[in-house]
Amino acid sequence: MAKNVADQLVEMLASAGVKRIYAVTGDSLNEVNDAVRRAGDIQWIHVRHEEVGAYAAGAEAQLNGLACCAGSSGPGHVHLINGLYDAHRSGAPVIAIASTIATFEFGTDYFQETNTIKLFDDCSYYNQVAATPRQLPRMLQAGIQSALHQKGVAVIGLPGDITSMDAVAINTSTQNFNTIPVIRPSDTDLQKLSALINHHQKITIFCGIGAGEAHKEVVALSQKLHATVAYSFRAKMDIQYDNPNEVGMTGLLGLPSAYHSMHESDLLILLGTDFPYTPFMPTDCKIVQIDIKPERIGRRAKVDVGLCGDVKDTLTALLPLIGQKQDDSFLKAQLKVYADVKEKMQTYVNDSGEQDKIHPEFVASVLDKTADDDAIFTVDTGMSCVWGSRYINATGKRKMIGSFNHGSMANAMPQAIGAALARPGQQVIALCGDGGLSMLLGDLATIVQYKLPVKIIVFNNRSLGMVKLEMEVAGLPDWQTDMYNPDFALVAQAMGIKGINVKYPQDVQEAITEALAFDGPALVNVFTDPNALAMPPKIEFEQVKGMTVSMTKLMLNGHMDEVLDTVKSNYKHLKDLL
């Protein structure tokens, strides 16, 4: 049988290293599905929702380098959008196959017709529709090259009638080239940078995910400069471990120590970060920014020196130009602040809570101590992110994936699917909020269908916890943030997953140990305190005033019981305000 366009597509994807396609088959996608079946060298993962497929592909791409998802005409395209936005903003090389209606129906407002160019334009670097068999291989090769080197999503629109046509040989490349160049600033710029660094004494290095491959160089630079090292959430697993000068994270989920160090510095060096929260950036010190994408330089902070370069390549060239500093007083002072912060954090762990109000800090800490050294964690956006960021520690082998740039709900469980398939030999743990898990609950069945040993820890606070906090600090009583939840452990059991309910703090360790040791998927539904708060690294007066106003409104409306619960749950935070 002659090779058709769908066969050619699958062959090229396999050649580029794609191992699986996450999709819901149907309509215009069926020829591709059949080509996958016949080829046998790519796995078709039948998710229940295309958004889950896009999330899973994004996670796999972050771990293994390239992944693929697909959606069929109209609704399948729209369902992909949120997961593709997340992958694109995470810098994950993902190929999205958007199969469409037949070419002869284009422009007729046909059943399930969507304009894929308009639809995907804002969440992709490459976005084209192959309207003839000759176009497909050229577009696919260009799309893969774009995804790999621009680090993001490439969308290939593929009409259903084209997929069944005979493939056409082309005289341009169908091979892909994953080149890794050396990129660093010029010698002149490096000399100027070294002179600036040698001139200053109180230095903080702040690392983003772009510094993830430069752990050794970052540590070496910090020790030469007696500089502190802070980092973003995305960079934590790559920068925190074996780093004697680290002072934690900053940002909405961060710690006061990192914020303090950055604001006490006379020089701040930003490495590979596009950290979005400008209010956390100092404004009265010199700032250097090094990024491989120069268009990012200066858009988050008032930068004095901006240089283009890969962080590892740049620091390798810079280190010989830097003299060893002798004064370590700034470093010692900031490490003392960090030690005090960590002591306060332990207070939240030691107080484990009570029935149905288990403190989430305690749960995350137990998980950190019990999980494997090379575990892969996925974290839902919201309060689960807070507990993961503060209490799950790096080992040099662990990974953590979340919706760190797009900030979407419901990402953790789908990303765990992709992680489990990408790294079958490693423990995969999803830290899910009850709101996030509820949103895409159906794909628990995907975990069972493909026998994925994913462990799901549900921080079940019966509310949209982060939204509740946002409303309260804005001076608003939380409204419509409460969640009516099913028994998630029973739901898991109905799906074929081991389900465990935990209502008492003394049962947390045993439940997590049992789940992690279980040979197969498991879900631990922990009833956490709905009034537990995540205090930011710097408490503004307006936030305190907002919380006071919110509590007053609740009292005036007869909700004194809720006010008392909030106060009792968060007495530990009072020391952070003093």
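Trainee: Can you walk me through the overall build of the chain in this structure?
Mentor: What the chain contains, in helices and strands, is 24 helices and 20 strands. Relative to the globule expectation of 25 Å for 578 residues, the C-alpha radius of gyration of the chain, 25 Å, shows essentially globular dimensions. Dimensions of the chain, computed from C-alpha atoms along their principal axes, come out at roughly 75 × 65 × 45 Å. Per-residue burial over the chain gives 56% buried out of 578 residues. Within the chain, contacts between residues separated by at least 24 positions form 74% of all contacts whose residues are at least 6 apart in sequence.

Trainee: For this particular structure, what's the right way to read unusual backbone geometry?
Mentor: Only a minority of non-glycine residues have a phi that is not negative, and only a minority of peptide bonds are not trans. A positive phi angle, near 50 degrees, is found at Asp27, a position not held by glycine. Relative to the helices and strands, Asp27 is located in the loop between β1 (20–23) and α2 (30–39). For Ala410, which is not glycine, the phi torsion reads 70 degrees and is therefore positive. For Ala410, the location among the structural elements is in the loop between β16 (399–402) and α16 (412–422).

Trainee: Even after reading the chapter, I still don't get the packing of aromatic side chains, so can you show me in this structure?
Mentor: Within a pair of aromatic rings, the relevant descriptors are the distance that separates the centres and the angle that separates the planes. In this structure the tally under the stated criterion is three aromatic pairs. Sitting above the plane of the Phe527 ring, Lys503 keeps its charged end 4.9 Å from the centroid.

Trainee: Help me understand the packing of helix α1 (residues 5–15) against helix α6 (residues 135–150) in this model?
Mentor: Two quantities define a packed helix pair, namely the angle between the axes and the distance from one axis to the other. Packing of α1 against α6 leaves a shortest axis separation of 10 Å and a crossing angle of 25 degrees. In terms of orientation, α1 and α6 fall into the roughly parallel class. With respect to the hand of their crossing, α1 and α6 are arranged in right-handed fashion. For the pair α1 and α6, the contacting residues are Val5, Gln8, Leu9, Met12 and Leu13 in the first and Leu136, Pro137, Leu140, Gln141 and Ile144 in the second.

Trainee: Teacher, can you tell me more about the nonpolar core here?
Mentor: Counting 86 residues, the largest nonpolar core has Ile197, Cys207, Val218, Leu271, Leu367, Phe377 and Ile429 as the members making the most contacts within it. Beyond its immediate stretch of four places on either side in the chain, Val218 contacts Ile205, Cys207, Ala211, Val229, Ile239, Leu271 and Leu315.

Trainee: Please explain the pairing of β16 as it appears in this structure.
Mentor: Every regular strand shows the same layout, with side chains that alternate between the two sheet faces. Bridge count for strand β15 (residues 376–379) against β16 is four bridges, and the pairing is parallel. Of the residues in β16, the one forming a bridge with Val379 is Gly402.

Trainee: Looking at this model, I keep getting lost on the pairing of strand β5 (residues 126–129). Mind explaining?
Mentor: In this structure, β5 lies alongside strand β6 (residues 153–159), joined through four bridges in parallel fashion. Bridged to Gln128 within β6 is Ile156. Crossover connection from β5 via α6 to parallel β6: handedness right-handed.

Trainee: What's the story with the confidence of the model for the chain in this structure? I'm lost.
Mentor: Caution applies to low-pLDDT parts of the model: their predicted coordinates are not meant to be read in detail. For the chain, the mean per-residue pLDDT works out to 90, and 91% of the residues sit at or above 70. The model gives residues 535–539 a pLDDT under 50, and that stretch makes 18 contacts with residues more than four places away or in other chains. Taken together, the stretch residues 550–556 has pLDDT below 50 and engages in 16 contacts with residues farther than four places along the chain or on a different chain.

Trainee: Which parts of the structure should I look at to understand helix α13 (residues 329–350)?
Mentor: Three or four residues apart is the spacing at which side chains of an α-helix point the same way, because the helix has 3.6 residues per turn. A rise of 1.5 Å per residue sets the reference length of α13, with its 22 residues, at 32 Å; its end C-alpha atoms lie 32 Å apart and thus fit the reference within 8%. Every buried residue of α13 is accounted for by Phe330, Leu331, Gln334, Tyr338, Val341, Met345, Tyr348 and Val349. End-on view of α13: buried residues confined to an arc of 105 degrees, all on one side of the axis. With respect to the buried face of α13, the exposed residues turned more than 90 degrees away are Lys332, Glu343 and Asn350.

Trainee: Any chance you could explain the sheet that holds strand β17 (residues 428–433) here in plain terms?
Mentor: Across the sheet, which stays open at both edges, the six strands sit in the order β16-β15-β17-β18-β20-β19 with parallel pairing between neighbours. Of all the strands in the sheet, the pair left with one neighbour each is β16 and β19 (498–502). When the angles between neighbouring strand axes are averaged without regard to direction, this sheet yields 15 degrees. In this sheet, strand β20 (residues 522–527) lies alongside β19 in parallel orientation, the contact comprising five bridges. Across the sheet, the residue bridging to Val502 is Val526, located in β20. Along the sheet, helix α14 (residues 360–370) makes contact with β15, β17, β18 (455–460) and β20, crossing β18 at roughly 165 degrees.

Trainee: Got a minute to help me understand the packing of helix α3 (residues 50–64) against helix α4 (residues 75–89) in this structure?
Mentor: Relative orientation of the contacting elements α3 and α4 amounts to 30 degrees, with a least axis distance of 7 Å. Accordingly, the angle class assigned to the pair α3 and α4 is roughly parallel. For α3 against α4, the interelement crossing comes out right-handed. Contacts between α3 and α4 involve Glu50, Glu51, Ala54, Tyr55 and Gly58 from the first element and Gly76, His79, Leu80, Asn82, Gly83, Leu84, Asp86 and Ala87 from the second. In terms of residue class, the contact of α3 with α4 is built from five nonpolar, five polar and three charged.

Trainee: Is there a simple way to explain the sheet that holds strand β11 (residues 286–291) in this structure?
Mentor: Each strand in a sheet pairs with another by means of backbone hydrogen bonds, the pair being arranged parallel or else antiparallel. Overall, parallel pairing links the six strands, which are arranged β9-β8-β7-β10-β11-β12 in an open sheet. Strand pairing shows two members of the sheet lacking a second neighbour, β9 (246–249) and β12 (305–308), which therefore form its edges. Taking the axes of each pair of neighbouring strands and ignoring which way they run, one obtains an average angle of 15 degrees across the sheet. In this structure, β11 lies alongside β12, joined through four bridges in parallel fashion. Within the sheet, the bridge partner assigned to Gln289 lies in β12 and is Gly306. The sheet strands contacting α13 are β7 (203–207), β8 (228–231) and β9, and the helix crosses β9 at an angle near 45 degrees.

Trainee: Looking at this structure, I do not really get the pattern of salt bridges. What am I missing?
Mentor: Pairs can form between side chains of opposite charge whenever their charged atoms are close. Counted according to the given criterion, the structure contains 15 salt bridges. Here Arg38 and Asp34 are joined by a salt bridge, their closest N and O atoms 2.9 Å apart. Here Arg38 and its partner Asp34 are both found in helix α2, four residues apart, which amounts to about one turn of the helix. Taking the relative accessible area as the measure of exposure, Asp34 reaches 25% and is therefore partly exposed.

Rules behind the numbers
Once a new chain begins, its residue numbering starts again from 1 and follows that chain's sequence as written. Thresholds applied to this predicted model are a pLDDT of at least 70 for local features of residues and 80 or more for the giving and counting of side-chain atom pairs; totals over whole chains, interfaces and linings are not thresholded and use all residues. Calculated side-chain values reflect all of the structure's heavy atoms, with hydrogen atoms and water omitted. Numbered from the N terminus, helices here are DSSP runs of H or I no shorter than four residues, and strands are runs of E no shorter than two. It is over C-alpha atoms that the radius of gyration is taken, and the globule rule equals 2.2 Å times the number of residues to the power 0.38. Partly exposed describes any residue whose relative accessible area lies between the buried limit of under 20% and the exposed limit of over 50%, with all areas from a 1.4 Å probe on protein chains only and scaled to the type maximum. Between two residues, a contact is recorded if the distance between any of their heavy atoms is within 4.5 Å. To pair, rings of Phe, Tyr and Trp, with the six-membered ring standing in for Trp, must have centres within 6.5 Å; the planes then decide the type, stacked if under 30 degrees apart, edge-to-face if over 60, and tilted in the middle. In this scheme, Lys NZ or Arg CZ marks a charge over a ring once it lies within 6 Å of the ring centre and within 35 degrees of the ring normal. To obtain an axis, a line is fitted to C-alpha atoms, over the contacting stretch when the element is a helix, and the angle between two such axes runs from 0 to 180 degrees between their N-to-C directions. The cut-offs work like this: below 35 degrees is roughly parallel, past 145 is roughly antiparallel, 65 to 115 is roughly perpendicular, and the gaps in between are oblique. Crossings are classed by handedness, with left-handed meaning an anticlockwise turn of the near helix from the far one by less than a right angle and right-handed meaning a clockwise turn. By nonpolar core we mean a set of buried residues, namely Ala, Val, Leu, Ile, Met, Phe, Trp, Tyr and Cys, connected to one another through side-chain atoms within 4.5 Å. In this scheme, strands are said to pair when DSSP sees at least two bridges between them. Orient the strands so they point away from the viewer; a crossover is then right-handed if the path from the first strand over the helix to the second runs clockwise. Confidence of the predictor at the level of single residues is given by pLDDT, which spans 0 to 100. How far a helix is expected to stretch is found by multiplying one less than its residue total by 1.5 Å. This arc is built from the directions going out from the helix axis to the C-beta atoms. Put simply, Ala, Val, Leu, Ile, Met, Phe, Trp, Tyr, Cys and Pro go in the nonpolar bin, Asp, Glu, Lys and Arg in the charged bin, and everything else, Gly too, in the polar bin. We define a salt bridge as a side-chain nitrogen of Lys or Arg found within 4 Å of a carboxyl oxygen belonging to Asp or Glu.

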